[in-house]
Amino acid sequence: MTEAVPSYLSPTGQEVVFLLLGAVAVGSALLVVTTRQLVHAALWLVVCFGALAGCYLVLTAEFVAWVQVLIYVGAIVVLLLFGIMLTRAPIGRSADLDSGNRVVSAVVALATAAILVTVVIDGFRTAYTPLDPGAGAAKELGASIFATWVLPFEALSVLLLAALIGAIVLSRTDIPGGSPPTGPAPPTGPAPPTGPVTGRADPPVRGDPAPPDRPSDQTSGGH
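Residues numbered from 1 in each chain as written. Predicted model: local features only at pLDDT ≥ 70, side-chain atom pairs only at ≥ 80, totals over all residues. Heavy atoms only, no water.

Turning next to the overall build of the chain. Looking only at helices and strands, the chain has seven helices and zero strands in total. If you list the helices and strands of the chain from N to C, you get α-α-α-α-α-α-α. The buried share of the chain, taken over its 223 residues, is 10%. In the chain, of all internal contacts separated by at least 6 residues, the share reaching a separation of at least 24 is 68%. Roughly 17700 Å² of accessible area belongs to the chain as shown, and the carbon and sulfur atoms make up 71% of that amount. (Helix = DSSP H or I, 4+ residues; strand = E, 2+ residues; numbered from the N terminus. Buried < 20%, exposed > 50% of the residue type's maximum accessible area, 1.4 Å probe, protein only. Contact = heavy atoms within 4.5 Å. Areas by Shrake-Rupley, 256 points an atom, 1.4 Å probe, with all protein chains shown as cover.)

Next up on the list: the state of the cysteines. For the coordinates displayed, the defined rule picks out zero disulfides. Not part of a disulfide, Cys-48 finds its nearest cysteine sulfur in Cys-55, a span of 9.3 Å. Residue classification places Cys-48 among the buried positions, given a relative accessible area of 9%. (Disulfide = S-S within 2.5 Å.)

Once that is clear, we can look at the packing of aromatic side chains. This model, assessed by the stated rule, comprises two aromatic pairs. For the pair Phe-146 and Phe-153, a centre-to-centre distance of 5.3 Å together with 65 degrees between the ring planes defines the contact as edge-to-face. Overall, the relative accessible area of 54% leaves Phe-146 in the exposed class. (Phe/Tyr/Trp six-rings, centres within 6.5 Å; stacked < 30°, edge-to-face > 60°.)

To continue, consider the side chain of Gln-68. On the secondary structure map, Gln-68 appears in helix H3 (residues 62-86). In contact with Gln-68, not counting residues within four places along its chain, are Phe-49, Leu-52, Ala-53, Tyr-56 and Val-73.

Looking now at the packing of helix H2 (residues 38-58) against H3. For the pair H2 and H3, interaxial distance at closest approach is 8 Å and the crossing angle is 175 degrees. The angle between the axes of H2 and H3 places the two elements in the roughly antiparallel class. Between H2 and H3, the contacting residues are Leu-38, Val-39, Ala-42, Leu-45, Val-46, Phe-49, Gly-50, Leu-52, Ala-53, Tyr-56 and Leu-57 on the first element and Glu-62, Val-64, Ala-65, Gln-68, Val-69, Tyr-72, Val-73, Val-77, Leu-80, Leu-81 and Ile-84 on the second. (Axes fitted to C-alpha atoms, helices over the stretch in contact; angles between N-to-C directions. Parallel < 35°, antiparallel > 145°, perpendicular 65-115°, else oblique.)

Bringing the packing of helix H1 (residues 13-34) against H2 into the picture now. Between H1 and H2, the shortest axis-to-axis distance is 8 Å and the interhelical angle comes to 160 degrees. By the angle between their axes, H1 is roughly antiparallel relative to H2. At the point where H1 passes H2, the crossing takes the left-handed sense. Listed contacts from H2 to Gln-14, Val-17, Phe-18, Leu-21, Gly-22, Val-24, Ala-25, Ser-28, Ala-29, Leu-31 and Val-32 of H1 are Ala-41, Trp-44, Leu-45, Val-47, Cys-48, Ala-51, Leu-52, Gly-54, Cys-55 and Val-58. Across the contact of H1 with H2, the residue classes break down as 17 nonpolar, four polar and no charged. (Left-handed = near helix turned anticlockwise from the far one by under 90°. Nonpolar A, V, L, I, M, F, W, Y, C, P; charged D, E, K, R; others polar.)

Attention now goes to unusual backbone geometry. Of note, Thr-60 is a non-glycine position whose phi angle comes to about 60 degrees, a positive value. By the secondary structure assignment, Thr-60 is in the loop between H2 and H3. Classification of Thr-60 by relative accessible area gives buried; the value is 10%.

On to the environment of Val-26. Within the element layout of this structure, Val-26 appears in helix H1. For the pair Val-26 and Ala-51, spaced 25 residues apart in sequence, the C-alpha separation works out to 9.1 Å.

Nonpolar side chains collect at one region of the surface, where Leu-57, Trp-66, Leu-70, Ile-71, Tyr-72 and Ile-76 lie side by side and expose about 620 Å² of accessible area between them. Mapped onto the elements of the fold, Trp-66 is located in helix H3. (Patch = residues over 30% accessible without salt bridge, like charges linked within 9 Å, V, L, I, M, F, W, Y side chains within 5 Å. Salt bridge = Lys/Arg side-chain N within 4 Å of Asp/Glu carboxyl O.)

Rendered as structure tokens:
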């Protein structure tokens, strides 16, 4: 459903909130890639995902907004924080986080943003869809995914399964060609005797030289 395009000089309240949330998302995303502290980057990522969830709420996509909060904020960021803690990554400022490619990455990001904005404006310049409540509920999205977009949905499922199998294979060390163990190397010398500790000497092992006679045996042989 398309209607006449409203004037940009008189934005509605929903448009103003959407623009503010978009500015918060873009600013926090820039802080994610420019900060030198991993924990701060993860926290700014939470802000970015929260702003995106707010944008989905403004667009009446309530189900997508809650999925954004539950999966990305509640799972991905928490997993990132646990990875930082378990790997004992540096918590403070670290100069190693800067790869020295800021100029190239900034040029690529600006070029990509310019292409996306140009395509969206050129394709939807004269289209305007009113925001009707309830259009982004789970019922409508489920019917659309499993009717119109079922093939891309199943292809994405296979892609995620392949990524999961690849991660399992790369993390295992008992597969030939996997990562070598990082523990201390086992000793290469002869193993110490494991017999019980008694007052007598352990019996000789086949292939080893016989132990010397005890002094008591030599004395008894002389008599």
